[in-house]
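Now for the letters of each chain:
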Amino acid sequence: NGHGRCAEDLYKGIQSSDSGVRCDSLKLLADVSTDITFAQEFISRDGHSLLVKIVEDAHESVFSLAFMELMDHGIVSWENLSSVFIKKIASFVNAKVLDTSIQQVSLAILESMVLSSSSLFNEVKQEITLERLISHLQVTNQQLQTKAMALLMAMLLAGGEADRQNIIHSSSSVGDEMAHYLYVLQTVRLNHLEARMRTPLDSYNQEQRDMLHGLRQAAFEMESESGLSNERRRSLCAKEFKKLGFSNNSNPGLDLSRCPPGLLALDTMAYFASRYPDAYSRFVLENSSREDKHECPFARSSIQLTLILCEILRIGEPPSETGSDYHPIFFAQDRLLEELFCICIQLLNKTWKEMRATQEDFDKVMQVVREQITRTLSSKPTSLELFKNKVNALNYSEILKLRQTERLHQEETLSPPVLELKERLKPELLELIRQQRLNRLCHGTLFRKISSRRRQDKLWYCRLSPNHKVLHYGDVEEQTETPSIEALQEKIPVADIKNVVTGKDCPHMKENKGKQTKVLDLAFSITYDVEEYSLNFIASSRTDFCLWTDGLSVLLGKEMSSESMHSELEILLSMEIKLRLLDLENVPIPDTAPPIPKPPSNFNFCYDFSQAEQ
């Protein structure tokens, strides 16, 4: 038996104490190991165990392609290999200076181990770090790059979600080079979806038609269509496709003719319907049964959402040479696009209801959903669950708040120097508002008396004296112009005023507990001399109420507190800040003032005029 004799000779040669004979035997073994008959003969003599022992005991990197060739025949299980062997092979990969051919074979062996069993994967991931694999991707040797990428992909495929995260985040921080390679890996894998994205639905393709009708069948309880005429069947299908939210309900394939997203939109809808059937049915039935024009069209929304996700994930764009913007969540999922779609389509329905949207608001809703997704992904969530929690917390009202804050930042109204300037301007503007309030009180206001019989036929007028020391008031007729101070018979010295109370604390509101809330919000009273005496007011509008309560607070030396005052102060501050910053347009304002330089070591640098005169 020629194979047997050859196997015996090589077995002895590998055991030789002569390093030259041993190396020649290993090289010859690599050539003949591709023959399965020889491999069987060699392995039957426990030759593979001899190779393993050589690797385990070697102090130098003595290794051969022969081992990989023998294992590829599948005669011996990878799981029979020891931890010592795995550590040794990993050391070849981790070595910074080593023959690249040995590193290539070592990477290939580790890849096969990872794919063969979860226990071997767990051992390999303990020995190999992402940084080392990335360093192999940076070399000029294309074969070494390919083997390193193959091992990286094998580890990502073999691991669960937590394992993938640990692989990607095995280092404390991801460097620029590593981030670039992760970005390239993400881009290349996502671009596998480009073909579907650029392919429109083919109405004559039976598989695609079945997927389309599967959406309808999954959403609605199917009646037996066998006994229906063709016309009746077409009518029923068109009605159900309309409920699904297709624009062309008689021929829904036309909705999927736009590329992008093409067939990718059909794939995402079908995935949602099969992966989360309860959520899918709930979405469709909830919106198809509404009759208030607030229904959210599932199909139209899904097609647009798929397009948005393609744009955000940049599917179809080649990787740039400097790109480094990768999504950690990508490495936690095999089907990132589909899983993101399933979360975001439910988010879209939630946002639609929060905005109380109709069909006319479709584009506005999609803009908000795009912003919700983009903002959440920018926070680099590391798992789908984290993404889901964050994106759902970012509701419509939160988006509006963020937009407002960002607008203010863009106007530089929230930068520290501008905030400091606002604080300095406040006293001056508050004094301006105080003077305006006192001027309004001096001009006076017409009030109505509300009797217990709710008759509003009596009017009275109240105004402040020009010297701000006396309140004058008295009854007036309906068509009276602004009465003079002399025409008002009653008066209260400001010095006698003890307090101003509002709402239900007013004496005239306590006496009439059945007053409406609207009246309560307009009521205020002045108490003077002793608590038993009061002058009661009911303003005709909220503006008059704010003017008078603020003005009376100023007279008593108290702080103004009305919502009108706060609103006017913000308007005045905004106008004043904009005027002050006109000359600084397009000039960046630093957050902190530049440091004050140290004083000079001496002050002997001034010119002495007295000596010059002499």
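Quick notes on the rules
- Residues numbered from 1 in each chain as written.
- Predicted model: local features only at pLDDT ≥ 70, side-chain atom pairs only at ≥ 80, totals over all residues.
- Heavy atoms only, no water.
- Core = buried A, V, L, I, M, F, W, Y, C linked by side-chain atoms within 4.5 Å.
- Buried < 20%, exposed > 50% of the residue type's maximum accessible area, 1.4 Å probe, protein only.
- Contact = heavy atoms within 4.5 Å.
- Pairing = 2+ DSSP bridges.
- Helix = DSSP H or I, 4+ residues; strand = E, 2+ residues; numbered from the N terminus.
- Axes fitted to C-alpha atoms, helices over the stretch in contact; angles between N-to-C directions.
- Parallel < 35°, antiparallel > 145°, perpendicular 65-115°, else oblique.
- Nonpolar A, V, L, I, M, F, W, Y, C, P; charged D, E, K, R; others polar.
- Disulfide = S-S within 2.5 Å.
- Salt bridge = Lys/Arg side-chain N within 4 Å of Asp/Glu carboxyl O.
- Left-handed = near helix turned anticlockwise from the far one by under 90°.
- pLDDT = per-residue confidence, 0-100.
- Expected span 1.5 Å × (residues − 1).

Our next topic: the nonpolar core. If you look at the biggest cluster of nonpolar residues, it comprises 108 residues, and the most contacted ones within it are M113, L244 and L305. When neighbours within four sequence positions are excluded, L305 is seen to be in contact with F341, C344, I345, L348, M366, V369 and I373.

Another aspect to go through is the sheet that holds strand β4 (residues 490-493). Here we have four strands laid out as an open sheet, ordered β1-β2-β3-β4, and antiparallel in their pairing. Whereas interior strands pair on both sides, the edge strands pair on one side only; in this sheet they are β1 (445-449) and β4. The sheet shows a mean angle of 25° between the axes of neighbouring strands, direction not considered. In this structure, strand β3 (residues 470-476) lies alongside β4, joined through four bridges in antiparallel fashion. By the bridge assignment for β4, L471 is matched with I492.

This brings us to the packing of helix α16 (residues 263-275) against helix α19 (residues 336-354). Running from N to C, α16 and α19 point in directions that differ by 75°, and their axes come no closer than 9 Å. When the axis of α16 is compared with that of α19, the two are roughly perpendicular. Contacts between α16 and α19 involve L264, T268, M269, Y271, F272 and R275 on the former and, on the latter, L337, E338, E339, F341, C342, I345 and Q346. Looking at side-chain class alone, the contact of α16 with α19 contains eight nonpolar, two polar and three charged residues.

Quick look at the state of the cysteines now. Under the definition given, this model contains zero disulfides. Here C344 stays unpaired: no disulfide links it, and the sulfur of C342, its closest cysteine neighbor, is 9.4 Å away.

Applying the stated criterion to the full structure yields 22 salt bridges. Between D267 and R196 there is a salt bridge whose closest N-O contact spans 2.7 Å. Of this pair, D267 sits in helix α16 while R196 sits in helix α13 (residues 194-197), placing them 71 residues apart in sequence. For R196, a relative accessible area of 31% corresponds to the partly exposed category. Two residues, R424 and E420, come together in a salt bridge whose shortest N-O distance is 3.1 Å. Note that R424 and E420 are positioned in helix α23 (residues 416-443) at a spacing of four residues, about one turn of the helix. Three or more residues are tied together by salt bridges with common partners; here these are E371, R375 and R403.

Attention now goes to the environment of L254. Here L254 shows up in the loop between α15 (230-243) and α16. For L254, a relative accessible area of 46% gives the class partly exposed.

Bringing the packing of helix α6 (residues 83-94) against helix α8 (residues 118-127) into the picture now. The geometry of α6 relative to α8 is characterised by a closest axis approach of 10 Å and an angle of 40° between their N-to-C directions. Between α6 and α8, the angle is such that the two are oblique. Every pair of crossing elements has a handedness; the one defined by α6 and α8 is right-handed. The segment α6 lies against α8, with S83, I86, K87, A90 and N94 engaging L120, E123, V124 and E127. Broken down by class, the residue content of the contact of α6 with α8 amounts to four nonpolar, two polar and three charged.

Chain-level statistics for the protein chain give a pLDDT mean of 81 and a share of 85% at 70 or above. When mean pLDDT is compared element by element in the protein chain, helix α26 (residues 542-555) scores highest at 94, while helix α11 (residues 161-168) scores lowest at 57.

For α26, spanning 14 residues, the distance from its first C-alpha to its last is 20 Å, which sits close to the expected 20 Å at 1.5 Å a residue. In terms of burial, α26 is a largely internal element, eleven of the 14 residues being buried. Listed as buried for α26 are D544, F545, C546, L547, W548, T549, D550, G551, L552, S553 and V554. Directly after α26, the chain includes G557, whose backbone phi takes a positive value near 75°.

A word on unusual backbone geometry. Cis geometry is found at the peptide bond from C259 to P260, where omega equals -15°. Among the secondary structure elements, P260 is positioned in the loop between α15 and α16. Residue P261 is bonded to the preceding P260 through a cis peptide linkage, with omega at 15°. Phi at R356 takes a positive value of approximately 50°, unusual for a residue other than glycine. Along the polypeptide, R356 turns up in the loop between α19 and α20 (362-378). According to the relative accessible area criterion, R356 is exposed, its value standing at 57%.

Take N349: it is sitting in helix α19. The buried category is assigned to N349, whose relative accessible area is 7%. Here N349 is in contact with F283, E286, N287 and C296, once residues within four sequence places are set aside.

Sheet architecture is open: three strands sit in the order β5-β6-β7, paired in antiparallel fashion. Strands with a single pairing partner mark the edges of an open sheet, and in this sheet they are β5 (497-502) and β7 (533-538). Across this sheet, the average inter-strand angle for adjacent strands is 20°, counted without regard to direction. Examined bridge by bridge, strand β6 (residues 523-528) and β7 share five bridges and lie antiparallel to one another. The residue of β7 that forms the bridge with I526 is L535. On the sheet, α26 packs against β5, β6 and β7 and is oriented at approximately 25° with respect to β6.

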